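Structural overview
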Amino acid sequence: MSVKIGNIDLGKFPLLLAPMEDVSDPPFRLVCKQNGVDMMYTEFISSEGLIRAAAKSRQKLDIFEYERPIGIQIFGSDIDTMREATEIASQANPDLIDINYGCPVKNVACRGAGASLLRDIDKMTAMTKAVVSATHLPVTVKTRLGWDDNSKNVYDVAERLQDVGIQALSIHGRTRAQLYKGQADWQLIRDIKRNPRIRIPIFGNGDVDSVDKAAAWRMEYEVDGIMIGRAAIGYPWIFREIRHFFETGEYLAGPTIAERVAVCRTHLEKSVEWKGEKTGIFEMRRHYASYFKGIPHVKEYRMKLVSLTTLADIHGVLDEISEQFELEVA
């Protein structure tokens, strides 16, 4: 059976790209879409920023037809502000609205937004109800297991948010206190999926970084789909490799050097197209190490890439990498 969020058909077992701040922008989403991701989200967007019409927040509303299905993710600490931001985000015509109740970073969680709502389920429920009532689009939520090991309350959260109308729930298998340390624990995610009261799709997130892990956890934890974040940075091929294995039972060869360079080049060009040359080149620097990770003796080329300021020079170094490293990287 297909997994559905409202009228959005995601196929039998969807692979989702996690929303990541300063990563999940349109250029990055493009290369992930080209490599088989089933659904994506924008970077998380401040509800207050949307209401104030802050340029950075409004720019994050940019979505493109080839990205569909795509959700706009918002966060905030005030219920009325989240309601108003939902109305603004809905006008950008995404396929769904997603609420971030999982961000653990201090400047979000310590201001009453993101994962901090896990300490106030009544407010989380009221906020979610307000968002659901403010849009005609399906509303989904991304959250964590709880605030810390002594308050893993996502089982109750899942029931209460479903009751006020969310249509899917993505769960990162860590608490807020863990940040991104230690190992993700998916057992509670499985418990939620097994809860006879739960009718909505449940997606697991956290530590899926290989075909083998995706295949094993699909069976072991019984989720409806898998959300992948950090493992896709510089390696969007992870989606096509997992999908190929699910469909054929066979492993797909990793990208060649030529493929790595080509996708990196596409990412760079789209970054410049969307952000302008100066900002696009600067922000692309964070991706080079990931694109060429594991290639012996490539460090000097990476160092060049992060120092260059013109497209022509960067393309020249990418050409050098293609010529110097003609081998397939598994």
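Structure first, text after, so check above.
What counts, and at which threshold
Residues numbered from 1 in each chain as written. Predicted model: local features only at pLDDT ≥ 70, side-chain atom pairs only at ≥ 80, totals over all residues. Heavy atoms only, no water. Salt bridge = Lys/Arg side-chain N within 4 Å of Asp/Glu carboxyl O. Buried < 20%, exposed > 50% of the residue type's maximum accessible area, 1.4 Å probe, protein only. Helix = DSSP H or I, 4+ residues; strand = E, 2+ residues; numbered from the N terminus. Core = buried A, V, L, I, M, F, W, Y, C linked by side-chain atoms within 4.5 Å. Contact = heavy atoms within 4.5 Å. Expected span 1.5 Å × (residues − 1). Arc of directions from axis to C-beta. Phe/Tyr/Trp six-rings, centres within 6.5 Å; stacked < 30°, edge-to-face > 60°. Lys NZ or Arg CZ within 6 Å of the ring centre and 35° of its normal. Pairing = 2+ DSSP bridges. Right-handed = clockwise from strand over helix to strand, strands pointing away.

Description of the pattern of salt bridges
- Applying the stated criterion to the full structure yields 21 salt bridges.
- The partner of E65 in a salt bridge is R68, with the nearest N and O atoms 3.1 Å apart.
- What makes E65 exposed here is its relative accessible area of 58%.
- We note a salt bridge from D95 to R68, for which the minimum N-O separation is 3.2 Å. Within this pair, whereas D95 is found in the loop between α4 (79-90) and β7 (96-101), its partner R68 is found in the loop between α3 (55-59) and β6 (70-75), the two being separated by 27 residues in sequence.
- Here R68 falls in the partly exposed class, since its relative accessible area comes to 21%.
- Three or more residues joined by partner-sharing salt bridges are found here, namely D25, K275 and E283.

Notes on the nonpolar core
- Within the largest apolar cluster, 86 residues are counted, with the highest numbers of intra-cluster contacts made by L17, W186, I226, F239, F292, L318 and I321.
- Beyond its immediate chain neighbours, meaning those up to four positions away, W186 contacts G204, N205, G206, V208, W217, Y221, V223 and I226.

Digging into helix α14 (residues 311-324)
- Between its first and last C-alpha, α14 extends 20 Å over 14 residues, near the 20 Å set by a 1.5 Å rise per residue.
- All of the buried residues along α14 are I314, H315, V317, L318 and I321. With its buried residues spanning 160 degrees around the axis, α14 presents them on a single face. Set apart from the buried face of α14 by more than 90 degrees, the exposed residues are A312, E323 and Q324.
- Those residues of α14 that are buried lie in contact with α11 (257-275), α12 (277-291) and α13 (299-305).

What about helix α6 (residues 121-133)?
- Helix length check: α6, at 13 residues, gives a terminal C-alpha distance of 18 Å against a target of 18 Å (1.5 Å per residue), a fit within 8%.
- Listing the buried residues of α6 in full gives I121, M124, T125, M127, T128, A130 and V131.

Comments concerning the packing of aromatic side chains
- Counted by the stated rule, this structure contains 10 aromatic pairs.
- Here the aromatic rings of F44 and F75 are separated by 4.5 Å at their centres, their planes lie at 25 degrees, and the arrangement is stacked. Taken together, the positions of F44 in the loop between β4 (40-41) and β5 (45-46) and F75 in strand β6 put the pair 31 residues apart, joining distant regions of the chain.
- For F44, a relative accessible area of 11% translates into the label buried.
- Taking relative accessible area as the criterion, F75 reaches 13% and is therefore assigned buried.
- Three or more aromatic residues joined by ring pairs make a cluster, and in this case those are W186, W217 and Y221.
- Across from the ring centre of Y180, 4.9 Å away, lies the NZ or CZ of R144, which sits over that ring.

Some details on unusual backbone geometry
- The omega torsion of the bond from R68 to P69 falls at 0 degrees, within 30 degrees of zero and hence cis.
- Tracing the chain through its elements places P69 in the loop between α3 and β6.
- Phi at D22 is positive, roughly 65 degrees, even though this residue is not glycine.
- Structurally, the position occupied by D22 is in the loop between β3 (15-17) and α1 (26-34).
- Owing to a relative accessible area of 34%, D22 belongs among the partly exposed residues under this scheme.
- In the Ramachandran plot, D207 falls in the positive-phi region, its phi being about 75 degrees despite a non-glycine side chain.
- Within the element layout of this structure, D207 appears in the loop between β10 (202-205) and α9 (211-221).

Brief notes about the environment of L179
- Looking at where L179 falls in the secondary structure, it is placed in the loop between β9 (169-172) and α8 (187-194).
- Owing to a relative accessible area of 31%, L179 belongs among the partly exposed residues under this scheme.
- Linking L179 and C103, residues 76 residues apart in sequence, is a C-alpha distance of 8.6 Å.
- In this view, L179 contacts P104, R144 and R174; residues no more than four positions away in its chain are not counted.

Some words on the pairing of β9
- Residue alternation in β9 divides its side chains into two sets, L169 and I171 and S170 and H172, and both sets are buried.
- Judged from the 4 bridges that link them, strand β8 (residues 139-144) and β9 form a sheet pairing that is parallel. When the bridges of β9 are listed, R144 appears paired with H172.
- Viewed along the sheet, the connection from β8 through helix α7 (residues 154-163) into β9 turns out right-handed.
- Taken together, the 4 bridges between β9 and β10 define a ladder with parallel strand orientation. By the bridge assignment, S170 is partnered in β10 with F203.
- Each parallel crossover has a hand, and for β9 linked through α8 to β10 it is right-handed.

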